[in-house]
Amino acid sequence: MRERSMNVLIGVVLALAAVESLADAVVLYEDRAVQVEQTLADPTDLWVRVEDLMQVNGFELKPEGACIDDICVPVRQDVDSSIFVQRSGQRWFNVAELAQRLQQPYAVDHDSGVWSFGAIPVRRASFFERGIAPDFELPDVEGRLHRLSDFKGQKIMLLSWASW
Amino acid sequence: MFSELKDHNFIIIAAAQDAGGAAAAAPWYEQAGARFVALVDEQHTLSSLYSLVNVPSAVWIDETGHVRRIDEGAYATVHKMGDFQFGRDDYAPMVANWVQEGEASKWLQPAGSLSLEPPSNDEALAEVNFKLGVYFHQQGDEARANRYWEKAQSLNPDSWNYARQDWSFTPETAGENWTKKVQTLEGRPYYRPIEGLDGR
């Protein structure tokens, strides 16, 4: 009886662990909604596998840290920390912690696991400090994608409007 | 206007700030006979990137990629609806002057001279909450969409885009909501005054 109880307990723990490692999430960033198949369950943070980081927010984990363009946030990868951990050989990266270090706004709907990340302030400096038009990519009504930078060299009037 | 100016190395890129996507925007583009670049912007990306809070709003970008005017109520003409009228007919001539005169245009502001303020913390949080609302709207979860759209409006009450996008799904009360919000302006302009035209 005692052995059976122990087996049940082990089963529950294993099941919980499986649920934790297989929790999924949706990340909204720069007009994309990325389905992340595996995250570490955490009530306050978003841990993704290092190999998923690029598709989530464009960052790449390099020896010197998490990098995009000419920005690198130092990340030690030989010890667990608030931004990086290893579990059973799998490397996990905390996207919410990165956002906090970059002062990047975010909001989360915990019930559905949907995270919405805003612009990274340092990446917008060229606009606010020098007036360089930020690039974007949007579809036309037939789904063809157009980038603002495709039209560089012309005078451009951007016009926001709405049907409402 | 675009037909008359397109031979002057000039392009209009319009972006519909519509969570309803192409289904909402396409009929309007079709009716307008759009010959410019006609885009669909479900997440209000253009407004986010350029800190625009109302529509229509225009941004002028020169050949080197610098912003030369921004955040202006860019009507092509005055529209009349019974006794009510809106819009203006003095903006399009400014655009035409810039396109034809280039750097010599008196309407062009010096590159790098614009006062561009980064969003406040609340404004930045409003944006990410608004985008959560768009996501849930697209998923058909209107209750959750409304929750985040209302949060966005409370964080950034200056954004007419957040409010009017939200109201667009309850057209029976949209007019009343708009009137109430206009009253909160207490004399402040509905659109930012246009430099050179509105006493600035």
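Definitions and limits used
- Residues numbered from 1 in each chain as written.
- Chains lettered and ligands numbered in written order.
- Predicted model: local features only at pLDDT ≥ 70, side-chain atom pairs only at ≥ 80, totals over all residues.
- Contact = placed C-beta atoms within 7 Å.
- Helix = DSSP H or I, 4+ residues; strand = E, 2+ residues; numbered from the N terminus.
- Nonpolar A, V, L, I, M, F, W, Y, C, P; charged D, E, K, R; others polar.
- Pairing = 2+ DSSP bridges.
- Buried ≥ 20, exposed ≤ 12 C-beta atoms within 10 Å, placed from the backbone.
- Axes fitted to C-alpha atoms, helices over the stretch in contact; angles between N-to-C directions.
- Domains from an automatic or database assignment.

On to the interface of chain A and chain B. Counting from both sides, the interface comprises 41 residues of chain A and, opposite them, 60 residues of chain B. Contributing elements (two or more residues each) for the side of chain A that touches chain B: strand S10 (106-109), strand S11 (114-117), helix H4 (125-130), strand S12 (137-139) and strand S14 (155-161) of chain A. Top contributing element to the side of chain A that touches chain B by residue count: S14 of chain A, with seven residues. Of the residues contributing to the side of chain A that touches chain B, the split by class is 26 nonpolar, eight polar and seven charged. The pairing of S14 of chain A with strand S1 (residues 10-16) of chain B spans seven bridges and is classified as parallel. Its bridge partner being in S1 of chain B, Leu-158 of chain A is matched across the sheet by Ile-13 of chain B.

All names here are of chain B. With seven of its eight residues buried, helix H7 (residues 160-167) lies for the most part within the structure. Listed as buried for H7 are Trp-160, Asn-161, Tyr-162, Ala-163, Gln-165, Asp-166 and Trp-167. Buried-residue contacts for H7 involve helix H3 (45-50), helix H5 (121-138), helix H6 (142-155) and helix H8 (171-183).

Okay, the sheet that holds S11 of chain A next. Residue and element names in this part refer to chain A. Across the sheet, four strands lie side by side as S2-S1-S11-S10; this open sheet has mixed pairing. Across the chains shown, the open sheet's two edge strands, defined by having one partner strand only, are strand S2 (32-36) and S10. Taking each pair of neighbouring strands and ignoring which way they run, the sheet shows an average axis angle of 20°. Where S10 lies against S11, four bridges are found, and the strand directions are antiparallel.

Accessible area lost upon the coming together of the parts is a frequently used measure of interface size. Residues and elements named next belong to chain B. According to the domain assignment, chain B contains domain 1 (2-104) and domain 2 (121-169). Using C-alpha coordinates to define each centre, domain 1 is positioned 23 Å away from domain 2. At the junction of the two partners, domain 1 supplies 10 residues and domain 2 supplies 10 residues. Across the side of domain 1 that touches domain 2, the residue classes break down as three nonpolar, six polar and one charged.

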